[in-house]
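For reference, the chains in residue letters:
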Amino acid sequence: MTPTTLAPNLSTVPARALLAVDGWGAPEDAPFAAAVRALFAVRAALGARDDVALEGTYAQDGDALRFDLGAPHGWHWSLAVPAPDGRTADAVTTAAARFGAPVVLRAQPEQRVAQLVHRGPYDDEQPSLDALYAFVAEQGLRPAGPHTEVYLTDPGTTAPAELRTVLRVPVWTG
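Predicted, not measured: the structure shown is a model, and the values here were computed from it.

K.L.:
Can you walk me through the pairing of strand E3 (residues 16-24) in this structure?
P.N.:
Consecutive side chains of a regular strand alternate in pointing toward one face of the sheet and then the other. Here five bridges tie E3 to strand E6 (residues 104-108), and the two strands are oriented antiparallel to one another. Each residue of the ladder has a partner; that of leucine 19, found in E6, is leucine 105. Direction of pairing for E3 relative to strand E5 (residues 75-82): antiparallel, over a ladder of seven bridges. Residue pairing across strands places aspartate 22 opposite serine 78, the latter belonging to E5.

K.L.:
I'm lost on the side chain of serine 78 in this one. Help?
P.N.:
Summarising the element assignment, serine 78 is placed in strand E5. Judged by relative accessible area, which is 16%, serine 78 ranks as buried. There is a polar contact of 2.7 Å between the side chain of serine 78 and the side chain of aspartate 22.

K.L.:
Before we go on, may I ask you to explain the UniProt feature "domain: GyrI-like small molecule binding" (unreviewed entry) in the protein chain in this structure?
P.N.:
Those residues carrying the UniProt feature "domain: GyrI-like small molecule binding" (unreviewed entry) are residues 98-171 in this numbering. Taken end to end, residues 98-171 is 20% helix and 41% strand, and its first and last C-alpha atoms sit 37 Å apart.

K.L.:
Before we go on, may I ask you to explain unusual backbone geometry in this structure?
P.N.:
Across the chain, the bulk of peptide bonds are trans and the bulk of non-glycine residues have phi less than zero. Positive phi, close to 50°, is recorded for aspartate 61, a residue that is not glycine. Its location among the elements puts aspartate 61 in the loop between strand E4 (54-60) and E5.

K.L.:
Is there a simple way to think about the pairing of E4 in this case?
P.N.:
Of all seven residues in E4, six are buried; the element is thus mostly enclosed. Pairing analysis gives five bridges linking E4 to strand E9 (residues 147-151), with the strands arranged antiparallel. Each residue of the ladder has a partner; that of glutamate 55, found in E9, is valine 150. Pairing of E4 with E5, which is carried by six bridges, proceeds in the antiparallel orientation. In the sheet register, threonine 57 faces E5, and the bridge partner there is serine 78.

K.L.:
What should I look at first to understand the nonpolar core in this one?
P.N.:
Taken as a class, soluble globular proteins show a tendency for nonpolar side chains to be buried jointly. By size, the foremost hydrophobic cluster in this structure holds 34 residues, and its most contacted members are Leu19, Leu39, Val42, Tyr58, Trp77, Leu79 and Val103. Among all residues touching valine 103, those that are not within four sequence positions of it are Leu19, Ala20, Val21, Ala38, Leu39, Val42, Val92 and Ala96.

K.L.:
What should I look at first to understand the environment of leucine 105 in this one?
P.N.:
Topologically, leucine 105 is positioned in strand E6. For the pair formed by leucine 105 and arginine 43, sequence separation is 62 residues and the distance between their alpha carbons is 11 Å. With sequence-adjacent residues up to four places away left out, leucine 105 is seen in contact with Ala17, Leu18, Leu19, Ala83, Arg87, Thr88, Ala89 and Val92.

K.L.:
Would you mind going over the packing of helix H1 (residues 30-45) against helix H2 (residues 89-99) with me for this structure?
P.N.:
The geometry of a pair of packed helices is captured by two quantities: the angle between their axes and the separation between those axes. Remark: H1 packs on H2, axes separated minimally by 9 Å, with the N-to-C direction vectors making an angle of 125°. As far as their axial angle goes, H2 and H1 are oblique. Here H1 and H2 pass one another in a crossing that is right-handed. Contacts between H1 and H2 involve Ala41, Val42 and Ala45 on the former and, on the latter, Val92, Ala95, Ala96, Arg98 and Phe99. Residue composition of the contact of H1 with H2, by class: seven nonpolar, no polar and one charged.

Definitions and limits used
- The residue numbering used here restarts from 1 in each chain and proceeds along that chain's sequence as written.
- It should be noted that, the model being predicted, local features are given only for residues of pLDDT at least 70 and side-chain atom pairs only at 80 or more, the latter also being counted only at that level, while totals for whole chains, interfaces and linings use all residues.
- As a rule here, side-chain values come from all non-hydrogen atoms in the structure, and water together with hydrogens is ignored.
- Each pair of strands is called paired provided DSSP finds at least two bridges between the two strands.
- A run of H or I in DSSP counts as a helix once it spans at least four residues, and a run of E counts as a strand once it spans at least two, with each numbered from the N terminus.
- Burial classes follow relative accessibility: with a 1.4 Å probe on protein chains only, a residue under 20% of its type's maximum area counts as buried, one over 50% as exposed, and anything between as partly exposed.
- Polar contact criterion, stated in full: a pair of N or O atoms within 3.5 Å, where within protein one must be able to donate a hydrogen and the other to accept it, and residues adjacent in sequence count only if both atoms are side-chain atoms.
- UniProt positions are given in the numbering used here, feature names are shortened, and annotations may be inferred rather than shown by experiment.
- The criterion is simple. A nonpolar core is a set of buried Ala, Val, Leu, Ile, Met, Phe, Trp, Tyr and Cys residues joined through side-chain atoms within 4.5 Å.
- Working rule for contacts: check all heavy atoms of both residues, and any pair within 4.5 Å makes them a contact.
- Throughout, an axis means a line fitted to C-alpha atoms (over the contacting stretch in the case of helices), and angles, computed between N-to-C directions, take values from 0 to 180 degrees.
- Roughly parallel here means an angle under 35 degrees, roughly antiparallel means over 145, roughly perpendicular means 65 to 115, and every remaining angle is called oblique.
- Crossing handedness follows the turn of the near helix against the far one: under a right angle anticlockwise gives a left-handed crossing, and clockwise gives a right-handed one.
- The classification used treats Ala, Val, Leu, Ile, Met, Phe, Trp, Tyr, Cys and Pro as nonpolar, Asp, Glu, Lys and Arg as charged, and all other residues, Gly among them, as polar.

See the structure below:
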């Protein structure tokens, strides 16, 4: 099945608190999997029981506006999940220490974004990313930072052709 790209749109992501882990390398590498486990373990330790989507923000070799699907070992990533309401940085640090995890509490300001939904394998995202960045240019906007992927489906239980991922890039005019 060919990946499906749903039409891009402009949206606003509200300000929010995130639990985050920064790292580098491919998703198949051990640090990536450890970061995912740590985020959900810390979130649960803080009392959150609801299911939330994992988000990953990606840049290439230190360049925030570059991303090469074919060179994942050069990816710099920040993985995140929404923080439970009212949690403090101290509470996050204490919970993270129980798991030996570098999880931090990060405030994300409101963002204006261009986004679309990609359906299909992660390896086939390039046409969707190209469509997203073309939409940004057509709107007279510019990327304001690296792109984020919001994973709507679980790759452990979903066939690759059925994976759904929101691809999002912060934008500004000018």
